[in-house]
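Read off the chains here:
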Amino acid sequence: MELFQANRNWLSRPMDERYTSLTALRDSVTASRENSKTATVSSKALAFRPVEGDSEFKGLEIVGRKSGAVVTPTHWSFGQMATRLGAPAGFLRELPSPMAADILNYKAHVDSDATDVGLLFGTDDSGNLQSLRAATGPKYGRVWNQSIADSMVRLFGDGTSGNFRVPGAFGTENNNVTKSNTTLYASDRDMFIFLADQENRIELPNRRNGKTGSLARGIFVWNSETGASSFGMAAFLFDFMCSNHIIWGAAEYRESRFRHTASAPDKWLDHVAPVIKAYSESSARPYEAALAAAQSKKIDDVQAFMNDRFSKRMATAILAAHVDEESRPVESLWDAATAITAYAKGIPFMDERVNVERVAGKVLDLAL
């Protein structure tokens, strides 16, 4: 199968969200944390007003009704705040700021009971509040990007010179990581890291259509301090990454994804970080053995095997996809996983496609 997470980040990130080493990314998110403050307040403690002197009536400020502190919401935090108050953010953005402020003040003070809001502020170097970065629920379990970046630096150094490093296109070493070819990203909303060990590849006999192939190990790590996404990691094997950062020939994709609940910071320490460490330090031999086992383990009744996991119509289409790609029918667990991922390539909707591809991973687990 193909993975598009790195491609989406590569296509969408501006230059100031791209980093040429893990240490540079770590330093940036550390500075961001040092210039941050958090608070939990009642919605009734907040007031909304247009920016004074804004002739276009587009700017909006949030004021602490008791403290008088003034902050400017980011585009993201404005949407979060509006949602928490039960107001449609897209509609409010189309209104003149005085009218939008009136609606938000009504929703915050009159229309509903008070609701607690978890606030994440950006500050200047003196600690003065400047911006509102996030408006989440009061029990939001924030995992700081700094905590993740510190762990990654301890494991992989600068991310450009060890075994696990910013990958190069088509299996080559990336000896000159630039903002154009990097796979390290962080912004005021989220963070995404992709590292790979392309040197110590896993040799797999009879991988595809009777030919020997080799696979590299890859790791994704992602997080959001502001509620823009879950946090988690994925480990996988793959053929190569092309120049537009699509990952081709991915297999053995394993993902751990966590919501930012109150226990989320502990889950990073107790679950995700140890898994990344174990995966990066493990020998390639267990993976070679597992994949070889999947190739050798035959399926007695292939049609029944597929019917147990998919509708009869989809099962038939999956088996046909394997014949199209490999020029022979499904015989082993490896063939079955290959057939499923081949079929998944034609699914237009990402969520449905990922769900089907996860079944391929479970099929490979049967060989263990």
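Let me begin by describing the structure that accompanies this report.

Criteria and cut-off values
- Residues numbered from 1 in each chain as written.
- Predicted model: local features only at pLDDT ≥ 70, side-chain atom pairs only at ≥ 80, totals over all residues.
- Heavy atoms only, no water.
- Helix = DSSP H or I, 4+ residues; strand = E, 2+ residues; numbered from the N terminus.
- Expected span 1.5 Å × (residues − 1).
- Buried < 20%, exposed > 50% of the residue type's maximum accessible area, 1.4 Å probe, protein only.
- Arc of directions from axis to C-beta.
- Phe/Tyr/Trp six-rings, centres within 6.5 Å; stacked < 30°, edge-to-face > 60°.
- Lys NZ or Arg CZ within 6 Å of the ring centre and 35° of its normal.
- Pairing = 2+ DSSP bridges.
- Axes fitted to C-alpha atoms, helices over the stretch in contact; angles between N-to-C directions.
- Contact = heavy atoms within 4.5 Å.
- Core = buried A, V, L, I, M, F, W, Y, C linked by side-chain atoms within 4.5 Å.

The terminal C-alpha atoms of helix α10 (residues 312-326) lie 21 Å apart, and with 15 residues this matches the ideal 21 Å at 1.5 Å per residue to within 8%. Every buried residue of α10 is accounted for by Met 314, Ala 315, Ile 318, Leu 319, Ala 321, His 322 and Glu 326. One side of α10 holds all its buried residues, which, seen down the axis, span an arc of 150°. Among the exposed residues of α10, those oriented more than 90 degrees off its buried face are Lys 312, Arg 313 and Asp 324. Following α10 by one or two positions, Ser 327 has its phi on the positive side, about 65°.

The description of two aromatic rings rests on the distance between their centres and on the angle between their planes. Per the stated rule, a full pass over the model turns up 11 aromatic pairs. Taking 5.2 Å as the distance between ring centres and 45° as the angle between the ring planes, the aromatic pair formed by Phe 192 and Phe 220 counts as tilted. Placement of Phe 192 in strand β9 (residues 191-208) and of Phe 220 in strand β10 (residues 211-223) is noted, with a sequence separation of 28 residues between them. Relative accessible area serves as the criterion here: at 6%, Phe 192 is assigned to the buried category. Using a relative accessible area of 0% as the deciding quantity, one classes Phe 220 as buried. Its end group placed over the ring of Phe 305, Arg 309 keeps NZ or CZ at 3.8 Å from the ring centre.

In this section: the sheet that holds strand β3 (residues 46-50). One open sheet accounts for 6 strands, arranged β2-β6-β7-β5-β4-β3; its pairing is mixed. The open sheet has two free edges, formed respectively by β2 (36-42) and β3, since each of these has just one partner strand. In this sheet, neighbouring strand axes are inclined to one another by 35° on average, regardless of whether the strands run parallel or antiparallel. Lying over the sheet, helix α5 (residues 97-109) contacts β3 and β4 (60-64), oriented at roughly 170° with respect to β3.

Moving on: the nonpolar core. Core analysis: the largest hydrophobic core is formed by 33 residues, its most contacted members being Leu 25, Met 152, Ile 193, Leu 195, Val 221, Trp 268 and Ile 276. If you list the elements that add at least two residues to this core, you get α2 (22-34), α6 (145-156), β8 (184-186), β9, β10, β11 (231-238) and α7 (264-281). Of all the elements, α7 adds the most residues to this core, at 6 residues. Residue contacts for Met 152: discarding those within four places in its chain leaves Leu 22, Gly 157, Ile 193, Leu 195, Val 221 and Ile 276.

Purely spatial values, then, with no claim about function.
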